[in-house]
Amino acid sequence: MHQSLFIDEILSHIIQFVAADGQRDSRRLENTSDLARLARTCRCFMGCALDTLWRTQHSLSPLIMCLPISTWEVRSSNKLYLTRPPTDSEWARFDMYSHRVKSFSYPKQKNVIGVHEDALPLLFAKRSPQSLFPSLSSLDFSILSCGPSNFLLIRGFLSPKLTNLSFTLPQNTCPHGIRGVLEDLPRKGTHLENVAISSFIPATPFELKLPTHGLPHLRRLVIAKSIRISAESILNVASLRYVQKLDLNLGRDFDTEALRDAPYNAFPALQYLRLTACNLPQCTSLVSLTSSSQLDELSVSYDIQATPSTVTSFLSVIDTSLRSLSVRHNIQDSTVSGAPFIFSPSTFAPLLACRDLRSITVSNLGRLNLDDEFIASAARAWTRLEEIKLCSLPWSYIIPNIGLNSLTALTQHCPQLTHIHLALDARDVPGLPTDNLNVTGAQLLQVLNIRDSAVEHTEPVAQFLRAIIPNMKVLRVEAPSELRNKWIEVKAYYDQLQVEPLLGL
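What you are looking at is a predicted structure, and each value in this text was computed from that prediction instead of being measured. (Residues numbered from 1 in each chain as written. Predicted model: local features only at pLDDT ≥ 70, side-chain atom pairs only at ≥ 80, totals over all residues. Heavy atoms only, no water.)

Enquirer: For the packing of aromatic side chains, give the residues involved together with the corresponding values.
Expert: What the rule picks out here adds up to 10 aromatic pairs. Plain terms: the ring middles of Phe343 and Phe348 are 6.3 Å apart, the flat faces sit at 40° to each other, and that makes the pair tilted. The class of Phe343 is buried, set by a relative accessible area of 0%. Among the aromatic residues, ring-to-ring pairing joins Trp91, Phe94, Phe104, Phe124, Phe133, Phe141 and Phe157 into one connected group. Lying across the ring of Tyr81, Arg75 places its NZ or CZ 3.9 Å from the centre. (Phe/Tyr/Trp six-rings, centres within 6.5 Å; stacked < 30°, edge-to-face > 60°. Buried < 20%, exposed > 50% of the residue type's maximum accessible area, 1.4 Å probe, protein only. Lys NZ or Arg CZ within 6 Å of the ring centre and 35° of its normal.)

Enquirer: Any details on the packing of helix H14 (residues 372-381) against helix H15 (residues 404-413)? Residues and values, ideally.
Expert: For the pair H14 and H15, interaxial distance at closest approach is 8 Å and the crossing angle is 5°. If you check the angle between H14 and H15, you find them roughly parallel. Only Asn405, Ser406, Ala409, Leu410 and His413 of H15 make contact with H14, whose side of the interface consists of Asp372, Ile375, Ala376, Ala379 and Arg380. (Axes fitted to C-alpha atoms, helices over the stretch in contact; angles between N-to-C directions. Helix = DSSP H or I, 4+ residues; strand = E, 2+ residues; numbered from the N terminus. Parallel < 35°, antiparallel > 145°, perpendicular 65-115°, else oblique. Contact = heavy atoms within 4.5 Å.)

Enquirer: An account of the side chain of Asn449 is needed here, citing residue identities and associated values.
Expert: Here Asn449 lies in strand E21 (residues 447-449). Since its relative accessible area comes to 5%, Asn449 is described here as buried. Discounting residues that sit within four places of it in the chain, Asn449 has contacts with Ile420, His421, Leu422, Arg476 and Glu478.

Enquirer: Now, about the pairing of strand E12 (residues 245-250): what can you tell me, with residues and values included?
Expert: For E12, the tally of buried residues reaches five of six residues, placing the bulk of the element in the interior. As defined by bridge partners, strand E10 (residues 220-223) adjoins E12 across three bridges and the pair is classed as parallel. Residue pairing across strands places Val222 opposite Asp247, the latter belonging to E12. By the bridge criterion, six bridges tie E12 to strand E13 (residues 272-277) in an arrangement that is parallel. Counterpart to Asn249 in the pairing with E13 is Thr276. (Pairing = 2+ DSSP bridges.)

Enquirer: Account for the environment of Pro205, with residues named and values stated.
Expert: Assignment of secondary structure puts Pro205 in the loop between strand E8 (194-199) and strand E9 (206-208). Not counting chain neighbours up to four residues away, the residues in contact with Pro205 comprise Ser226 and Arg228.

Enquirer: Summarise the pattern of salt bridges; cite the residues concerned and give the values.
Expert: Close approach of charged atoms allows side chains with opposite charge to pair. In this structure the tally under the stated criterion is 14 salt bridges. Note that Asp356 is salt-bridged to Arg384, the shortest N-O span being 3.3 Å. Of this pair, Asp356 sits in the loop between strand E16 (342-343) and strand E17 (359-363) while Arg384 sits in the loop between H14 and strand E19 (387-391), and the two are 28 residues apart along the sequence. The partly exposed category is assigned to Asp356, whose relative accessible area is 24%. Salt bridges linked by common partners bring Arg155, Asp184, Arg187 and Lys188 together as one network. (Salt bridge = Lys/Arg side-chain N within 4 Å of Asp/Glu carboxyl O.)

This is the structure we're talking about:
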């Protein structure tokens, strides 16, 4: 055997090619049989091959089935049960493989026997999770259990070695136990970089408290809507050097005044920010703190309707280097009963300074009273735009001041555009642009959602769309049947024009 194969780094690199052979899902190791055969070839190959084979697991059942068969059984429900805790002498084969496991992650394996919830307490009855999995650095606890009876076992996995942690707050779990887990995160998981907490709905609200200098290596924090985070914790996160992604929920009692004490260089590395809030001013207060010039994506949603001036104030504090923006009002009972606010083009004027925008979504704020002039100005400003979605509240119907000329502006000035989602007035069909067969911006545009756009003469509209959007694959409509049928006629005639030569255009 060549001497280079005795070098672990080279051998591991070669084994990675074997592992990736025929792989269809990058998240799952599929070529396990060849790796197992390679591990049995010789002692030189065994260590590296077994490391690769067991590094990432999507279920506990392969490991449990390494225990003596007298300790487990598969019952009629096709679930694996432990019949008793293993004795000290029965762990050897389990340990040989479990010490190589570095990650429990999705996707779950569907072709293996499931592990019953009752098996976990027996598995960890005499040995802690850290002693069974000393190399574990990434844990999605929902792979192991989603039941409330086992939730507190998470605490046994928390250690300085853990860098990635995801779990779901189960229903019908003792609130005191959940608070204990949340308190242990910064205390025991001192090197956590990525934390994601989801919950079943409905869920009791809990608060996540992050002390000063807690989780100093944090890069990504995603928490469920049922998890509140205080302004004080936000300030502590703001001072962390490496935080790149935040997905947070700001409750009704979120104290925006406390944010006045934010450090000068807040969120220095932030790239992605998603906020779910009670009101838009809460989002404005938090976004205004961000000093990062790397912020690419910003998404906010809020419950209480915001006035046009409040929306303008929010848009005025966002960084002009932003690439993706989503602003959405969450429809509430009070939204239905109250008259919608009317948003004119001046409300969104600050956005015209965002020259790098690739995606913009404005949804359910109220009644968007925009016009062709604003869309044309936006198209000239957002020349790198790929997706645009501008939607009024569903019941705030007016025939918009946006016409088919707006589509012309978007296709001419935004060559990367792939999706358009907005309502317009298609009753008046303008003349085609003189260079209509050379609209470079329309080549990538394939999806057009015109919502409940008014239309009368279907064939001229189809001819116009065919000229400025030659590659449209999907035309979506959100309208009553009579209007929807007219747009179906437009699409049918458009499809005929795809194969027939354009005459007289």
